[in-house]
Amino acid sequence: MFSSVTFQTAVLVTALAGGLYMAWNIGANDVANSMSTAVGAKAITYKQAIIIASILTVLGAVLVGEHVTATVKGGIFDPTAFSRVELALGALSAMIAAALWVTIATWKSLPISTSHSIIGAMLGFGLVAGGPSMIGWGTLGRVVLSWVTSPIFGAILSFTIFSIIVKIIFNSKDPFETIKKTSPFFIGATFFIISLSLLYQTALAARLFGRYPTDFEAIALSLVIGSIIGLMGKPLLIRGVVRGDEHFEGVENVFRNLQIITSCFVAFSHGANDVANAIGPLMLAVENAFPADSSLPFYLGGNYLLLMGGVGIAIGISTWGYRVMKTVGFSVTKLTNSRGFSVDFGAATTILVASKLGMPISTSHTVVGAVIGVGLARGLEAIDLSVIRRIVISWIITVPIASITCVAIYLGMNLMV
Amino acid sequence: MGAKFRRASLEETFFKSPFDGLCKHAELTKLGIQELKKGIKLYVDGEFGKAEEHFKKVSKIEHEADRVKMNIWENLPSFIFMPMRREDFMKLLKETDALIDNAENVSVLLPMRNEEIPEPISDDFKQFADKIFEAAKAYDLIMDTFTEVLSTSFSKPSKEKTRKLHEQICQMEYEADNIESKISRWLFNYDEVPLTAVHLLKVVDRMDAIADHAENVADMLVSTLDKK
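What comes next concerns the included structure.

Cut-offs and rules
- Residues numbered from 1 in each chain as written.
- Chains lettered and ligands numbered in written order.
- Predicted model: local features only at pLDDT ≥ 70, side-chain atom pairs only at ≥ 80, totals over all residues.
- Heavy atoms only, no water.
- Core = buried A, V, L, I, M, F, W, Y, C linked by side-chain atoms within 4.5 Å.
- Buried < 20%, exposed > 50% of the residue type's maximum accessible area, 1.4 Å probe, protein only.
- Helix = DSSP H or I, 4+ residues; strand = E, 2+ residues; numbered from the N terminus.
- Contact = heavy atoms within 4.5 Å.
- Salt bridge = Lys/Arg side-chain N within 4 Å of Asp/Glu carboxyl O.

Below, the discussion takes up the nonpolar core. Ranked by size, the top nonpolar core spans 132 residues in total, and within it Met 35, Phe 77, Ile 179, Leu 258 and Ile 279 of chain A carry the most contacts. Among the elements that take part in this core, helix α10 (residues 249–289) of chain A stands out by supplying 20 residues, more than any other. Among residues more than four places away in sequence, those in contact with Ile 279 of chain A are Thr 69, Leu 305, Leu 306, Met 308 and Gly 309 of chain A. In this structure, Ala 65, Ile 72, Ile 142 and Val 149 of chain B belong to the second largest nonpolar core, which totals 71 residues.

Moving on, we come to the environment of His 116 of chain A. Residue and element names in this part refer to chain A. Following the sequence through the fold, His 116 ends up in helix α5 (residues 114–130). On the accessibility criterion, His 116 (0% relative accessible area) is buried. As for His 116 and Ile 397, which are separated by 281 residues in sequence, their C-alpha atoms are 9.8 Å apart. Beyond its immediate stretch of four places on either side in the chain, His 116 contacts Trp 147, Ser 362, His 365, Trp 395, Thr 398 and Val 399.

Before going further, it helps to examine the environment of Ala 276 of chain A. Residue and element names in this part refer to chain A. Structurally, Ala 276 is set in helix α10. Along the sequence, Ala 276 and Ser 115 sit 161 residues apart, while their C-alpha atoms lie 8.3 Å from each other. Those residues in contact with Ala 276 that lie beyond four places of it in its chain are Val 68, Thr 69, Val 72 and Pro 281.

Moving on: the pattern of salt bridges. One pass over the full model with this rule turns up 20 salt bridges over all chains. With its nearest N and O atoms 3.3 Å apart, the salt bridge here joins Lys 50 of chain B to Glu 47 of chain B. Take Lys 50 of chain B: its relative accessible area is 47%, and that puts it in the partly exposed class. Among the ionic pairs, Lys 69 of chain B bridges to Asp 66 of chain B, the shortest N-O distance being 3.5 Å. Within this pair, Lys 69 of chain B and its partner Asp 66 of chain B are both found in helix α3 (residues 48–74), separated by three residues, close to a single helical turn. What makes Lys 69 of chain B buried here is its relative accessible area of 14%. Residue Asp 66 of chain B is classed as partly exposed on the basis of its relative accessible area of 24%. A cluster of three or more residues bridged by salt bridges with shared partners is formed by Asp 384 and Arg 390 of chain A together with Glu 12 of chain B.

What is shown is where atoms sit, not what they do.
So this is what it looks like as structure tokens:
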């Protein structure tokens, strides 16, 4: 019914629009939500959050976003078992289905995940077009497991880091002097993890070294980078920080500066994980819209699309995210800088590790897990545990809804093509 | 696009802290005790009219504290996770409330008979009142320290401060009890004006309850420190 050129154009335009919309939505909601901890704790202003998130999500997307994108593109089902048209239409249907569900959920303020939506939609396509035997159940099982384990891992990490802060700093005779002395450790730990994510089995590291660095080399180099930045960053961190009159005001002031670093970490890890939700199906759609023997235009190459996804997320933060940060930031004012630092560190580390493992997790749910972790360490005065029930409900409903919607869209598109 | 176009899992995680209400209640209790102290001083000096003005203020403050207590009571669902057990928090609130309740009882009872304190127990009464207000002052301090306990997630130094204040309150309460026994013994044998004896017995009993409840609050806070 369509000529091949019309088909390519239709897929390209729809996929780019869908991908950009998903990226915008991720920026407007998920990234903004996570950056609210730093905004609420007054570590950064809305404007600074927008600038940090815009730059760092793009970097995270381009430098570390490939792993999760690979899972979304080709891990849920075996792409070789489908024709190119099927894959293009399937990816397009999945993207539209996920975008629809994300829009409805956002409109209704439901705590659903874009990752769960896109995986559910891809599963729907795989099932209707190829049947259960075409599904990569092993990968899917690992992805679903990561949805459960990532908030728990975030909670364990934030619990641990906050307990360390209490033990080393708050329990000391002079907490202000102790935080000044130990601050390089916290900066160093953050940069160690970021460096490791960039050096451990990445194309970037391969380009830098001329080969993939060994595990030992990646860890050792990351340790060196973390240590150097930790020691060099100390004067900047404590410059102008005063002890203050209130209880532990000086300690919290140092953590406020540390939170500037962790908010960069949060934005970077978001870019690394969330960009796949927007770009994975987009890549699959455009790659298969063109004949196998034709070469893709340069702007449809992997890195350009990841860059586009990162930019889309940044646009989402700048155009709508500040409203979310304002509202959420107000409700998290009880999150002091030491707590905010622990939440950010726990969540961002979990998200980055998941990204390296290629697991498309819910970044927002991981942040909630990290908040609960600090609460379990007796760090917060009142946590509404009913949020766990709402999150579990969102897990249960998102996958079937996105799957069924994708199936309906795919069958409808098949009738048109 | 509606103004609330957002997914809100993080925002939903935070619940309004019931400790803010507890601190407000403690602040009102402090104000109430201060007014009672001024009122009793004027009463002992024989300035009954001026004393009554302060006693009336205590009643107003107690009413406000009751409203704060009810507000906490009604807005603390069971699914809220706090750094202390919900039941312990409720008991703590009940005890702080009993403290201001007894302050109000004294402020109502005392001006029911405007007469000088009998000479033989006048000094003891003043000393007794001093001990009660010292215990109440230590209660203020222990509540302030509790906010430090919360802000540092039960750090060792803040726990130590709480324990020291607990010891102080226990000592004040013990000393107040001793003076109360002495005053009561005298009053039970005061046959000249039995109504004065009954009146003052009731007053010292309520005043002593202020120190008792301050001690109970301190006991509860200390027992909370190591519970997880």
